[in-house]
Amino acid sequence: MFVDRAKIRVKAGNGGNGIVSFRREAFAPKGGPDGGNGGKGGSVFFVADSQLHTLLDFHYRPIYNATSGQHGSGGRKTGKDGEDLSVRVPLGTRVFEGENLLVDLAQSGQSFCVAQAGRGGRGNSEFATPRNQTPRKATDGKL
């Protein structure tokens, strides 16, 4: 079976959330904020491959999702970043969004970012200032 048109859905990974956390030690009653930032999500790339000749794989698997970033944790630990997803497509593949042509992948090895990764959120240690030494605020990750 030869397939020369395929309609697929791609989704980039979300960024991880920042966290609100406070340091607790035996002889430091007011330890201060130590919430970590969230990791960034993964992007989706199309990579032209001269070994492929049909879009048959996309007919059977129409959805591609990159992994999301992990949330931050205490001790100012940043969450792990999501992995990028590389989808191999045959030479001459044209990528459309609606009616608009985005790119024509004509050369072997040529790549194009179809979905951009989300940013990670900021933990409460990022919001500490001399006036606000114990912030109880963290931001969510973005898409």
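Check the entry above for the structure.
Residues numbered from 1 in each chain as written. Predicted model: local features only at pLDDT ≥ 70, side-chain atom pairs only at ≥ 80, totals over all residues. Heavy atoms only, no water.

Section: the pattern of salt bridges
Enumeration according to the criterion identifies two salt bridges in this entry. One salt bridge in this structure joins Arg88 and Asp49, with 2.8 Å as the shortest N-O distance. One end of the pair, Arg88, is in strand S4 (residues 85–90); the other, Asp49, is in strand S2 (residues 44–49), with 39 residues separating them in the sequence. Note on Asp49: relative accessible area 14%, which makes it buried. (Salt bridge = Lys/Arg side-chain N within 4 Å of Asp/Glu carboxyl O. Helix = DSSP H or I, 4+ residues; strand = E, 2+ residues; numbered from the N terminus. Buried < 20%, exposed > 50% of the residue type's maximum accessible area, 1.4 Å probe, protein only.)

So, unusual backbone geometry
Most peptide bonds adopt trans geometry, and most residues besides glycine take a negative phi value. Look at Arg76: it is not a glycine, yet its phi comes out positive at around 55°. Of note, Arg76 is situated in the loop between strand S3 (63–65) and S4.

Considerations on the pairing of S2
Across six bridges, S2 lies against S4 in parallel orientation. Across the sheet, Asp49 pairs through a bridge with Pro90, a residue of S4. Examined bridge by bridge, S2 and strand S7 (residues 111–115) share four bridges and lie antiparallel to one another. Bridging across to S7, Phe46 finds its partner in Phe112. (Pairing = 2+ DSSP bridges.)

Digging into the layout of surface pockets
Each pocket or cavity is described by its volume, and for the largest pocket that value is around 930 Å³. Together, 28 residues line the largest pocket, and Ala6, Lys7, Arg94, Val95 and Phe96 are the ones closest to its centre. Within the residue set of the lining of the largest pocket, elements represented by two or more residues are strand S1 (9–11), S4 and strand S5 (93–97). The element that contributes the greatest number of residues to the lining of the largest pocket is S5, accounting for five residues. Grouping the amino acids of the lining of the largest pocket by side-chain chemistry returns 16 nonpolar, five polar and seven charged. (1 Å grid on protein atoms, 1.4 Å probe; cavity = no way out; pocket = protein on both sides within 12 Å on 5 of 7 lines; lining within 4 Å. Points joined across faces, edges and corners; volume = space filled by probe spheres on them. Nonpolar A, V, L, I, M, F, W, Y, C, P; charged D, E, K, R; others polar.)

Quick look at the side chain of Ser43
Looking at the element boundaries, Ser43 is found in the loop between S1 and S2. The exposure class assigned to Ser43 is buried, which follows from its relative accessible area of 5%. In this structure the side chain of Ser43 is engaged in a polar contact, spanning 3.0 Å, whose partner is the backbone nitrogen of Ala117. (Polar contact = N/O pair within 3.5 Å; in protein donor to acceptor, adjacent residues only side chain to side chain.)

Considering the environment of Lys80
In this fold, Lys80 is placed in the loop between S3 and S4. Sequence spacing of Lys80 and Glu99 is 19 residues, and the spatial spacing of their C-alpha atoms is 36 Å. The residues touching Lys80, leaving out its near neighbours within four places in the chain, are Gly39, Gly69 and Gln70. (Contact = heavy atoms within 4.5 Å.)

Observations regarding the environment of Thr134
By the secondary structure assignment, Thr134 is in the segment after S7. The partly exposed category is assigned to Thr134, whose relative accessible area is 42%. Note: C-alpha distance between Thr134 and Lys40 (94 residues apart in sequence) is 25 Å.

Coordinates in, geometry out; function isn't part of it.
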